[in-house]
Amino acid sequence: MLRAAGVGVGDEVVVPAFGNVDVAEAVMAAGARPVFADIDPVTYCLEPAAVDAATTPRTAAVVVVHRFGRPADLGPLQALGRRHGLLVLEQRESEVPEGPYEEVAQRRERAAFLDSRLRGVRTPERGIGHTYQQYVVRVPGNGRPDRDAFARAIRVKGVACRVPVKTPVHRLPGFRQCVSLPETERAAEETLALPVDASLTKREMQRIASACNALGGLLQPAL
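Cut-off values and rules
- As a convention, each chain's residues are numbered from 1 in the sequence order in which they are written.
- In view of the model being predicted, local features appear only for residues whose pLDDT reaches at least 70, and side-chain atom pairs are presented and counted only at 80 or more, with totals across whole chains, interfaces and linings using the full set of residues.
- For the side-chain quantities, the full set of heavy atoms in the structure was used; hydrogens and water were omitted.
- The numbering of helices and of strands both runs from the N terminus, where a helix is a DSSP run of H or I of at least 4 residues and a strand a run of E of at least 2.
- Each radius of gyration reported is based on C-alpha atoms, and the globular scaling rule is 2.2 Å times the count of residues to the power 0.38.
- Only protein chains enter the accessibility calculation, which uses a 1.4 Å probe. A residue is then buried if its area is under 20% of the maximum for its type, exposed if over 50%, and partly exposed in between.
- Whether two residues are in contact is decided by their heavy atoms, any of which lying within 4.5 Å being enough.
- All accessibility values rest on the Shrake-Rupley procedure with a 1.4 Å probe; residue burial counts only the protein chains present in the view.
- The sign given to each residue is positive for Lys and Arg and negative for Asp and Glu; His and the chain ends receive no count.
- Where a charge lies is defined by one atom per residue type, namely NZ (Lys), CZ (Arg), CG (Asp) and CD (Glu).
- Pairing between two strands requires that DSSP report at least two bridges joining them.
- In this description, a line fitted to the C-alpha atoms serves as the axis of each element, helices being fitted only across the stretch in contact, and the angle between N-to-C directions of two axes falls anywhere from 0 to 180 degrees.
- Cavities and pockets were defined on a 1 Å grid built over protein atoms only: a cavity is a set of grid points that admits a 1.4 Å probe from which the probe cannot escape, a pocket is an open set flanked by protein on both sides within 12 Å along at least five of seven lines, and lining residues are those with an atom within 4 Å of any such point.
- Grid points are joined across faces, edges and corners, and a volume is the space filled by probe spheres set on the points.
- Charged residues are taken to be Asp, Glu, Lys and Arg, nonpolar residues to be Ala, Val, Leu, Ile, Met, Phe, Trp, Tyr, Cys and Pro, and polar residues to be all remaining types, Gly included.
- We call Phe, Tyr and Trp rings a pair once their centres come within 6.5 Å, taking the six-membered ring for Trp, and we label the pair stacked below 30 degrees between planes, edge-to-face above 60, and tilted otherwise.
- We define a salt bridge as a side-chain nitrogen of Lys or Arg found within 4 Å of a carboxyl oxygen belonging to Asp or Glu.

1. Describing the overall build of the protein chain
Right, so step 1: In terms of regular secondary structure, the protein chain is built from seven helices and six strands.
Right, so step 2: Overall, the protein chain shows an N-to-C arrangement of helices and strands of β-α-β-α-β-α-β-α-β-α-α-β-α.
Right, so step 3: For 223 residues, the compact-globule estimate of 2.2 N^0.38 gives 17 Å, and the C-alpha radius of gyration of the protein chain, at 18 Å, lies within 12% of that figure.
Right, so step 4: In terms of overall dimensions, the protein chain has C-alpha extents of about 55 × 40 × 25 Å along its principal axes.
Right, so step 5: For the protein chain, the proportion of its 223 residues judged to be buried stands at 48%.
Right, so step 6: Taking the intrachain contacts of the protein chain between residues at least 6 apart in sequence as the baseline, contacts between residues at least 24 apart amount to 68%.
Right, so step 7: Counting every atom, the protein chain has about 10900 Å² of accessible surface; 52% of that belongs to carbon and sulfur.
Right, so step 8: Across the protein chain, the 29 positively charged side chains and the 26 negatively charged ones have centroids separated by 5 Å.

2. Topic: the sheet that holds strand S1 (residues 12-16)
The strands making up a sheet associate through backbone hydrogen bonding, with each pair oriented either parallel or antiparallel.
Right, so step 1: Read from one edge of the open sheet, four strands run S2-S1-S3-S4, paired in parallel fashion. Strands with a single pairing partner mark the edges of an open sheet, and in this sheet they are strand S2 (33-37) and strand S4 (87-92). Across the sheet, the axes of successive neighbouring strands diverge by a mean angle of 30 degrees, strand direction being ignored.
Right, so step 2: The pairing of S1 with strand S3 (residues 59-66) spans three bridges and is classified as parallel. By the bridge assignment, valine 14 is partnered in S3 with valine 62.
Right, so step 3: In the packing of helix H1 (residues 22-29) onto the sheet, contacts are made with S1, S2, S3 and S4, and the angle to S2 comes to roughly 145 degrees.
Right, so step 4: Of the strands in this sheet, S3 and S4 are in contact with helix H3 (residues 74-84), which crosses S4 at around 150 degrees.

3. Notes on unusual backbone geometry
Right, so step 1: The phi torsion at phenylalanine 68 lies on the positive side, around 60 degrees, for a residue other than glycine.
Right, so step 2: Mapping phenylalanine 68 onto the fold places it in the loop between S3 and H3.
Right, so step 3: In the Ramachandran plot, tyrosine 132 falls in the positive-phi region, its phi being about 55 degrees despite a non-glycine side chain.
Right, so step 4: Within the element layout of this structure, tyrosine 132 appears in the loop between helix H4 (101-117) and strand S5 (135-138).

4. Remarks on empty space enclosed by the protein
Right, so step 1: For the structure shown, the criterion picks out one cavity of 30 Å³ or more.
Right, so step 2: Of the voids in this model, the largest cavity is the one considered here, and its volume is about 60 Å³.
Right, so step 3: If you trace the largest cavity, you find it lined by Val42, Thr43, Tyr44, Arg67, Phe68, Arg70, Pro124, His130, Gln134 and Val136.
Right, so step 4: Its residues assigned to classes, the lining of the largest cavity shows five nonpolar, three polar and two charged.

5. Describing the packing of aromatic side chains
Right, so step 1: Under the defined criterion, the tally for this structure stands at four aromatic pairs.
Right, so step 2: Ring geometry for phenylalanine 18 against tyrosine 44: centres 5.6 Å apart, planes inclined by 25 degrees, an arrangement best described as stacked. Residue phenylalanine 18 is located in the loop between S1 and H1, and its partner tyrosine 44 is located in the loop between S2 and helix H2 (48-54); the two are separated by 26 residues in the primary sequence. In terms of burial, phenylalanine 18 and tyrosine 44 fall into one category: buried.
Right, so step 3: Relative to phenylalanine 68, the ring of tyrosine 44 has its centre 5.4 Å away and its plane inclined at 70 degrees; by these criteria the two rings are edge-to-face. With tyrosine 44 in the loop between S2 and H2 and phenylalanine 68 in the loop between S3 and H3, the pair connects residues that are 24 residues apart, well separated along the chain. Each of the two residues, tyrosine 44 as well as phenylalanine 68, counts as buried.
Right, so step 4: Put simply, the rings of Phe18, Tyr44 and Phe68 pair up and form one aromatic cluster.

6. Regarding the pattern of salt bridges
Right, so step 1: One pass over the structure, following the stated rule, counts nine salt bridges.
Right, so step 2: Across the pair glutamate 103 and arginine 107 runs a salt bridge whose closest N-O atoms are separated by 3.1 Å. Here glutamate 103 pairs with arginine 107, and both are found in helix H4, just four residues apart, close to one helical turn.
Right, so step 3: Residue glutamate 183 is joined to arginine 186 by a salt bridge in which the shortest nitrogen-to-oxygen separation is 3.1 Å. A residue pair is termed a helical-turn pair when its members lie 3 or 4 positions apart in one helix, as glutamate 183 and arginine 186 do in helix H6 (residues 182-190) at three residues.
Right, so step 4: For glutamate 183, a relative accessible area of 22% puts it in the partly exposed group.

So far we have only geometry, and geometry alone does not tell us how the molecule works.
The following block contains the structure:
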């Protein structure tokens, strides 16, 4: 899409650092330079003010990635694109398929169950159109058991959790940039994806909540 739009050598493309490296790789494959902007801490998608701050006369495009099944708020980003004359492209995470409507409805049902049961972690805000490709909570550290310790503890109890973004792209070899992305860094340190697969039974969902809540008293309460 970038090449088809005429993006190439000498151009800059604003992309998120929180997520897959393939977006930055695609920019470089087109001959352009990826410029990383910070994310919104609620949606995990590009934050419009951060994109605006990252825009220069060389910026040709912005690639907006919808994260974890929650759509980005495109309105402000498209308005920014019109103001600066930028191409605004969308990409969904490709690693987990959306699935048929019934499967999405079941994931939403399991997400709602965890929303109502989890204590001591910050549950995701629902948002319009959220399909919960991943159910991502925040596990704050602040001197108490951190995300990785939390994950190890619930895995021992049979909960197949995963860290959604282990290293932001701007810290990977070949993409390193000296840029301030505080929300991206914080999200990479605190986020944990809990299972909400359509195949999970009610008993399995209860076990997930119980395993997490057994550690909840050691963590700061959700804000």
